[in-house]
Amino acid sequence: GVLGERGRERFFKRLIFPIFNGSGEAVCLYGRSVQNSTKLKHLYLPGKHHGVFNRKASSAFEEILLTEGILDALSLMELGIENVQSLYGAAVLTDEHLQALKEDRVKTVVLALDNLVDRFLDHIRSRAIDRPMPASWQTLLTRHFKEVL
């Protein structure tokens, strides 16, 4: 485990994901609480964020989808959408993200952020009379993927 300053397990009751740099070295850890009652659901190692989740995607694709978090990116990757990378939350685009996108000559960046898409889904829901709409974009894709295409 990873011990915090007080000697306690930092990522107690969390799923842990490594984040790698361009050289393939694990430089950061992300932990997502497995308990919904936890106040702090998302946790990283202390200090400045390093690495880009799914860094290899920007070297392989001209278009990148940027999600808010790793689990959002993994939801898309499970559906076979590989041109995805995650931010460190909706407001945290690091210099390392920008450098990777620039170095790899990515032509298009699509923001797949929960709040933006949720507002769009709310708008669609307000117009959908006969059809129930999913609660989130992840649900839309995972449950209705064939319909979307």
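Structure: above.
Reading guide: rules and limits
Residues numbered from 1 in each chain as written. Predicted model: local features only at pLDDT ≥ 70, side-chain atom pairs only at ≥ 80, totals over all residues. Heavy atoms only, no water. Pairing = 2+ DSSP bridges. Helix = DSSP H or I, 4+ residues; strand = E, 2+ residues; numbered from the N terminus. Axes fitted to C-alpha atoms, helices over the stretch in contact; angles between N-to-C directions. Contact = heavy atoms within 4.5 Å. Buried < 20%, exposed > 50% of the residue type's maximum accessible area, 1.4 Å probe, protein only. Polar contact = N/O pair within 3.5 Å; in protein donor to acceptor, adjacent residues only side chain to side chain. Phe/Tyr/Trp six-rings, centres within 6.5 Å; stacked < 30°, edge-to-face > 60°.

### Concerning the sheet that holds strand S4 (residues 63-67)
In step 1: What the 3 strands build is an open sheet, ordered S5-S4-S6; its pairing is parallel. Edge positions in the open sheet fall to strand S5 (84-86) and strand S6 (108-112), since each of these has one partner strand only. This sheet shows a mean twist of 30° between the axes of neighbouring strands, independent of strand direction.
In step 2: With 3 bridges joining them, S4 and S5 adopt parallel strand pairing. Residue pairing for S5: Leu 66 is matched across the bridge by Gln 85.
In step 3: On top of the sheet, helix H2 (residues 70-78) reaches S4 and S5; it is set at about 165° to S5, its chief contact.

### Structural notes on the side chain of Ser 58
In step 1: Among the structural elements, Ser 58 can be located in helix H1 (residues 56-60).
In step 2: Look at Ser 58 and you get buried, because its relative accessible area is 1%.
In step 3: In terms of polar contacts, Ser 58 uses its side chain to reach the side chain of Gln 85, at 3.2 Å.
In step 4: Apart from residues no more than four positions distant in its own chain, Ser 58 is found in contact with Ile 64, Gln 85, Ala 100, Leu 101, Asp 104 and Val 106.

### What about the packing of aromatic side chains?
In step 1: A complete count under the given rule lists 3 aromatic pairs for this structure.
In step 2: Seen from their ring centres, Tyr 30 and Tyr 44 are 5.1 Å apart, and the 40° between their planes marks the pair as tilted. With Tyr 30 in strand S2 (residues 26-33) and Tyr 44 in strand S3 (residues 42-44), the pair connects residues that are 14 residues apart, well separated along the chain. An identical accessibility class is assigned to Tyr 30 and Tyr 44; each is buried.
In step 3: Through successive ring pairs, a cluster of aromatic residues spans Phe 17, Tyr 30, Tyr 44 and Tyr 88.

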